[in-house]
Amino acid sequence: MYQSKIAGLGKYVPENIVTNEDLTKVMDTSDEWIQERTGIKERRHIKKGDGNTTAVMGYKAAKTALERAGIDKNDIDLIVFATLSPDYYFPGCGVQIQELLGIGTCPALDVRNQCSGFVYGLSVADQFIKTGMYKNVLVIGSENHSGGLDFSTRGRNVTVIFGDGAGAALLTRCEETDKGILSTHLHSEGKFAEELSLIGPSTNKWVPELIEENPQEDIPYYPYMNGQLVFKNAVVRFSEVIMEGLNHNKLTPNDINMFIPHQANLRISQFIQKKFKLDDSQVYNNIQRYGNTTAASIPIALTEAWEEGKVKSGDLVVLAAFGSGFTWASAIIRWA
Ligand code: UT7
C-alpha cells in the first residue's frame, strides 16, 4: 500500500467580477440580503468572448498545479474531472483536458457529485495511488454556472449564490507513510435528489416535454434549490463527516490546523467553526469573493490557503463538502 499526497495546486477564476450591486440591476435583490444570508460580496462570471468554458478554466488551473508539482504532463496517469456544468452533455470534460494539455492518450474520468465532486475525485485518485496502479493523478473541479442561471427575480434564491471558476490538484505517490491523504469518507442520500437539482433537459425530460409542461413560460431548465432544507441537512452532514474522518484517524477537532469547507454559505462555515471551536486562523473562507463555485470551491480555497502560507508541512488539513444529491464527503490530510 502506498500513500498519496498533493504535490501541486492551481486555480483559475474569470476576470469578470459581478458584484451584488450588479445583480440588483437585473433582479429584485439587495447587497444587504445577499451578504446577510450568504456572506457573498461578489463572484466571477465568464464573459461572452473571453474564451473560458468549464474545460478551459479547468485546464488553466491544472497547468498551474502541474508546474508547481514539477510534473510533466506526459507523466499523468489519470485525469479526474469533477463538474456539474460540463461543456457538453457528453463526452465529459476529462477528455478535453487530456487534449488541451497535449497528452497523447491517457485515462480520463468525470465525476458527477456536484459540491462534493472534488472530494469524491480526490478519493478516487487516492485509491488508485494507494493500490499502486497509478503514480500521478490530476484532479480538477471546475464550474461554469453563470451560463445556466435564471437572472430574473424568479431565480434569485439560486442565482445570487453561484460563481464560476476552477481549481486543480496534482496527486502523487508519497514515500512517507504517515503523511499525505490519511483517509476520505463519502456519502449520498438520493431521496433528496430533486431538492437541489436541474431536472431538464435530460433523458428523462427532453426539451419538447419541458415546453409542453410550461407552455406559458420560458423553458425552465434552471437549477432548483430548496434552500432551507439544504441548509439544515448541510450543517448536520458537515459535522458528521468531519467527525467520521477524525475518529477514523484517532484525532480530535483540537488537532485541526486548517479546515477548508466547501464554500456553500458563510453561515454554514461559521456554524461548523463554532461547533468545532476553531478560531479564524484555522478556517479558510473565500465565498465573499467567489460565491459558491460547487466542485471548484475546495480546490480554489485550498490553493489560496497554500499560496498564503496557511497550509504547511505537517499540518492537519480537513476538507469537507455537502451538496446536491444529497452527497457529502471529507478528506483528512497530513500535509506532506
Ligand atoms: O452548495 C450547495 C449547497 N447549498 C447550500 O448549502 C445552500 C443552503 N441554503 C442557503 O444558503 C439559504 O437557504 C439561502 C441563502 C439560499 C436562502 O436563505 P434563507 O434564509 O433560507 O431564505 P429563504 O429561501 O427562506 O427566503 C426568505 C425570503 C423569501 O421571501 P419571503 O417569502 O419571506 O417574502 C425569499 O423570496 O427571502 C426571499 N429571497 C430573496 N430576497 C432578496 C430569496 N432570495 C432572495 C434574494 N434577494 N436573492
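What you see is a predicted model, and the numbers here were worked out from it, not measured in a lab.

Caption draft 1: Quick peek at the overall build of the chain. Secondary structure assignment for the chain yields eleven helices and 13 strands. Against the compact-globule benchmark of 20 Å for 336 residues, the chain has a radius of gyration of 19 Å, which places it among compact chains. Based on the C-alpha atoms only, the size of the chain along its principal axes is roughly 60 × 50 × 35 Å. Evaluated residue by residue, the chain yields a buried proportion of 54% over its 336 residues. Within the chain, contacts between residues at least 6 apart in sequence are counted, and of these 77% link residues at least 24 apart.

Caption draft 2: Representation of the packing of helix α8 (residues 227–248) against helix α9 (residues 266–275) within the structure. Where α8 meets α9, the closest approach of the two axes is 10 Å, and the angle between their N-to-C directions is 40°. One finds that α8 runs oblique with respect to α9. The way α8 lies across α9 gives a crossing that is right-handed. On the side of α8, the interface is formed by F231, A234, V235, F238, S239 and I242, while α9 contributes R267, I268, F271, I272 and K275.

Caption draft 3: Expanded view of the domain arrangement of the chain. By the assigned domains, the chain splits into domain 1 (3–174) and domain 2 (180–195 + 223–334). Of note, the centres of domain 1 and domain 2, computed from C-alpha atoms alone, are 16 Å apart. Taken together, the 51 residues of domain 1 in the interface contact 44 residues of domain 2. In this assembly, domain 1 packs against domain 2 so that about 3,600 Å² is buried in total across both faces, 63% of it on carbon and sulfur atoms. By the criterion of area lost to domain 2, the three top residues of domain 1 are K11, C115 and V119, representing 17% of everything that side buries. Counting every contact that joins domain 1 to domain 2 gives two salt bridges. Salt-bridge contacts for E304 lead to K11; the nearest nitrogen and oxygen are separated by 2.8 Å. Taken together, domain 1 and domain 2 are joined by 24 residue pairs in polar contact (both at pLDDT 80 or more). Of the residues belonging to the side of domain 1 that touches domain 2, the class tally is 18 nonpolar, 20 polar and 13 charged.

Caption draft 4: View of the sheet that holds strand β1 (residues 3–12). Across the sheet, five strands lie side by side as β1-β7-β6-β4-β5; this open sheet has mixed pairing. Where the open sheet ends on each side, the last strands, each with one partner, are β1 and β5 (108–111). Between one strand and the next, the sheet's axes are offset by a mean angle of 20°, whatever the strand orientation. Note that β1 and strand β7 (residues 165–174) share nine bridges and pair antiparallel.

Caption draft 5: Spatial organisation of the pattern of salt bridges. Summed over all chains, the structure comprises 15 salt bridges. In this structure, R289 and E304 form a salt bridge, with 2.9 Å as the shortest nitrogen-oxygen distance. Of the two residues, R289 is situated in helix α10 (residues 287–290) and E304 in helix α11 (residues 297–307); the sequence distance between them amounts to 15 residues. Since its relative accessible area comes to 33%, R289 is described here as partly exposed. Bridged by salt links that share partners, the residues E189, K191, R237 and E240 form one connected network.

Caption draft 6: Local environment of the site of the ligand. Near the ligand, the surroundings consist of 21 residues, among which T29, R37, Q228, N265 and N292 are the closest. G227 is positioned such that a nitrogen or oxygen atom in its backbone is 3.0 Å from a nitrogen atom of the ligand. Side-chain polar atom of H262 to an oxygen atom of the ligand: 2.9 Å apart, as the coordinates give it. More than half of the atoms of the ligand fall within 2 Å of the grid points belonging to the second largest pocket. For the shell around the ligand, the element with the most residues is α8, which contributes four residues. Partitioned by chemical class, the residues of the shell around the ligand number ten nonpolar, eight polar and three charged.

Caption draft 7: Geometry of the layout of surface pockets. In this structure, the largest pocket spans a volume of roughly 1,100 Å³. Forming the boundary of the largest pocket are 30 residues, of which L84, S85, P86, R112 and L198 lie nearest the centre. Split by residue class, the lining of the largest pocket holds 17 nonpolar, eleven polar and two charged. In this structure, the lining of the largest pocket is formed jointly by two domains, domain 1 (3–174) and domain 2 (180–195 + 223–334), each of which donates at least three residues. The volume enclosed by the second largest pocket comes to roughly 470 Å³.

Caption draft 8: Spotlight on unusual backbone geometry. Cis geometry is found at the peptide bond from G200 to P201, where omega equals 5°. Structurally, the position occupied by P201 is in the loop between β9 (196–197) and α7 (207–213). Non-glycine residue K277 carries a positive phi angle of around 55°. Residue position: K277 is located in the loop between α9 and α10. Even without a glycine there, the phi angle at T294 is positive, about 50°. Position of T294 relative to the elements: it lies in the loop between α10 and α11.

About the thresholds
- Residues numbered from 1 in each chain as written.
- Predicted model: local features only at pLDDT ≥ 70, side-chain atom pairs only at ≥ 80, totals over all residues.
- Heavy atoms only, no water.
- Helix = DSSP H or I, 4+ residues; strand = E, 2+ residues; numbered from the N terminus.
- Rg over C-alpha atoms; globule rule 2.2 N^0.38 Å.
- Buried < 20%, exposed > 50% of the residue type's maximum accessible area, 1.4 Å probe, protein only.
- Contact = heavy atoms within 4.5 Å.
- Axes fitted to C-alpha atoms, helices over the stretch in contact; angles between N-to-C directions.
- Parallel < 35°, antiparallel > 145°, perpendicular 65-115°, else oblique.
- Left-handed = near helix turned anticlockwise from the far one by under 90°.
- Domains from an automatic or database assignment.
- Buried area = accessible area lost by both parts, 1.4 Å probe.
- Salt bridge = Lys/Arg side-chain N within 4 Å of Asp/Glu carboxyl O.
- Polar contact = N/O pair within 3.5 Å; in protein donor to acceptor, adjacent residues only side chain to side chain.
- Nonpolar A, V, L, I, M, F, W, Y, C, P; charged D, E, K, R; others polar.
- Pairing = 2+ DSSP bridges.
- Near = heavy atom within 4 Å.
- 1 Å grid on protein atoms, 1.4 Å probe; cavity = no way out; pocket = protein on both sides within 12 Å on 5 of 7 lines; lining within 4 Å.
- Sits in = over half its atoms within 2 Å of the grid points.
- Points joined across faces, edges and corners; volume = space filled by probe spheres on them.

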